[in-house]
Amino acid sequence: MVATTTAAAPLRRALRGRAPGLRAERDLWSAGAEAVAGVDEVGRGSWAGPLTVAAVVADPDRRIYKVRDSKMLTAAERETLHDRIRAWARAVSVGHATVAECTELGMADAQRLAARRAVDGLGLEVDHVLVDGRWDFLASPGDSDEGDSERDGRPGVTTIVRGDASSLSIAAASVVAKVTRDRLMVAAAERYPAYWFASNKGYPCPRHIAALAAWGPCAIHRRRWVFMDGLRWSGVPRFLPPPEDHHPRLFDLPAAAAAATGGRL
């Protein structure tokens, strides 16, 4: 085994003994899967900014320490681990669904789009994907099980409840996704200072709610979301999509249109 050499701060006592492992990955490696990617998302519950999905392919021949589910870490710990993960992993990729795509497609299809962009951006053929949670958000609408994906050439998928606490590759993906999206929201705060995006990252909080009540939504707010209905001001109304029969689904869109933004803000 080759150990990574990047130094890291001592782990806080509260996090000791809670490390995710490689059991799921090793089972798949033993079954013949060479490239196993862990996938996790961040930003689904936000009122502003993109939805972000990261994919991380673990390296079976190298070790990394102190990776945890991103929610268990401080911002400084996540920043340190982000760079260590990128140096350790076989491949790392991030995909975004823009605010416009979240609004137009709805959250489920936007998450599928971001996940596909993340996995496709890895630059290698992935044999299997580990997904945090119960929902396989890599599947196309209508897929019944992971066998469908294997038959049409896409990687198999295993969903793991609380996977970011048990799978090292999923936990690593959670850190990469969180750090990447947080950096985007800090950059957005310079353009939209009234909303305190540097601290709230687009999620609801008293300052964010007060800013919306005073100023209304800015260009990176998700105007389809129900929070728009509670604003006491006169201005841009909540976005209401057309009826389902007239609303294009993600996989009905031309490939060029789906990839046009490349996931950028």
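(A) Structural view of the overall build of the protein. Scanning the protein from terminus to terminus reveals 10 helices and 7 strands. Expressed as a percentage of its 265 residues, the buried residues of the protein come to 50%. Long-range contacts, defined as pairs at least 24 residues apart, comprise 72% of the intrachain contacts of the protein with a sequence gap of at least 6. Working note: accessible area of the protein is about 13100 Å², and carbon and sulfur atoms make up 53% of it.

(B) Inspection of the pattern of salt bridges at higher detail. Tallied over the entire structure, the rule returns 7 salt bridges. With a closest N to O distance of 3.2 Å, Lys 71 and Asp 69 form a salt bridge. Under the relative-accessibility criterion, Asp 69 is labelled buried at 8%. Linking Lys 71 and Asp 164 is a salt bridge whose minimum nitrogen-to-oxygen distance equals 3.0 Å. Taken together, the residues Lys 71 in the loop between β4 (62-63) and α2 (75-88) and Asp 164 in helix α6 (residues 163-166) connect sequence positions 93 residues apart.

(C) Inspection of the sheet that holds strand β3 (residues 51-57) at higher detail. The 5 strands lie next to each other as β5-β3-β2-β6-β7, forming an open sheet whose pairing is mixed. The two strands at the open ends of the sheet, each matched to only one other strand, are β5 (91-97) and β7 (156-160). Between one strand axis and the next, the sheet turns through 20° on average, direction left out of account. Pairing of strand β6 (residues 128-132) with β7 involves 5 bridges; the strand directions are parallel. Considered in β7, the bridge of Leu 130 is made with Thr 158. Packing against the sheet, helix α4 (residues 107-120) makes contact with β2 (36-42), β3 and β5, and its axis sits at approximately 150° to β5.

(D) Broad picture of the packing of aromatic side chains. Counted under the stated rule, the structure contains 2 aromatic pairs. Judged by centre distance (5.5 Å) and plane angle (15°), the ring pair of Tyr 195 and Phe 197 falls under stacked. Taking the relative accessible area as the measure of exposure, Tyr 195 reaches 6% and is therefore buried. When the ring centre of Trp 196 is taken as origin, the NZ or CZ atom of Arg 207, which lies over that ring, is 3.8 Å away.

(E) Just the nonpolar core, in detail. By size, the foremost hydrophobic cluster in this structure holds 40 residues, and its most contacted members are Val 53, Phe 197 and Ile 220. Going through the elements one at a time, β2, β3, β5, α3 (99-105), α4, β6, α7 (168-191) and α9 (206-215) are the ones with two or more residues in this core. Discounting residues that sit within four places of it in the chain, Ile 220 has contacts with Trp 47, Ala 48, Gly 49, Val 99, Met 185, Ala 188, Tyr 192 and Phe 197. Grouped together as the second largest cluster of nonpolar side chains are 28 residues, Val 42, Val 56, Leu 130 and Ala 177 included.

(F) Quick look at the packing of α2 against α7. Their axes nearest at 9 Å, the elements α2 and α7 cross at an angle of 120°. As far as their axial angle goes, α7 and α2 are oblique. Relative to α7, the crossing made by α2 is left-handed. Of the residues in α7, those in contact with Arg 78, Glu 79, Leu 81, His 82, Asp 83, Ile 85, Arg 86 and Trp 88 of α2 are Leu 168, Ala 172, Val 175, Val 176, Lys 178, Val 179, Thr 180, Asp 182 and Arg 183. Considering only residue class, the contact of α2 with α7 consists of 8 nonpolar, 2 polar and 7 charged.

Procedures and definitions
Residues numbered from 1 in each chain as written. Predicted model: local features only at pLDDT ≥ 70, side-chain atom pairs only at ≥ 80, totals over all residues. Heavy atoms only, no water. Helix = DSSP H or I, 4+ residues; strand = E, 2+ residues; numbered from the N terminus. Buried < 20%, exposed > 50% of the residue type's maximum accessible area, 1.4 Å probe, protein only. Contact = heavy atoms within 4.5 Å. Areas by Shrake-Rupley, 256 points an atom, 1.4 Å probe, with all protein chains shown as cover. Salt bridge = Lys/Arg side-chain N within 4 Å of Asp/Glu carboxyl O. Pairing = 2+ DSSP bridges. Axes fitted to C-alpha atoms, helices over the stretch in contact; angles between N-to-C directions. Phe/Tyr/Trp six-rings, centres within 6.5 Å; stacked < 30°, edge-to-face > 60°. Lys NZ or Arg CZ within 6 Å of the ring centre and 35° of its normal. Core = buried A, V, L, I, M, F, W, Y, C linked by side-chain atoms within 4.5 Å. Parallel < 35°, antiparallel > 145°, perpendicular 65-115°, else oblique. Left-handed = near helix turned anticlockwise from the far one by under 90°. Nonpolar A, V, L, I, M, F, W, Y, C, P; charged D, E, K, R; others polar.

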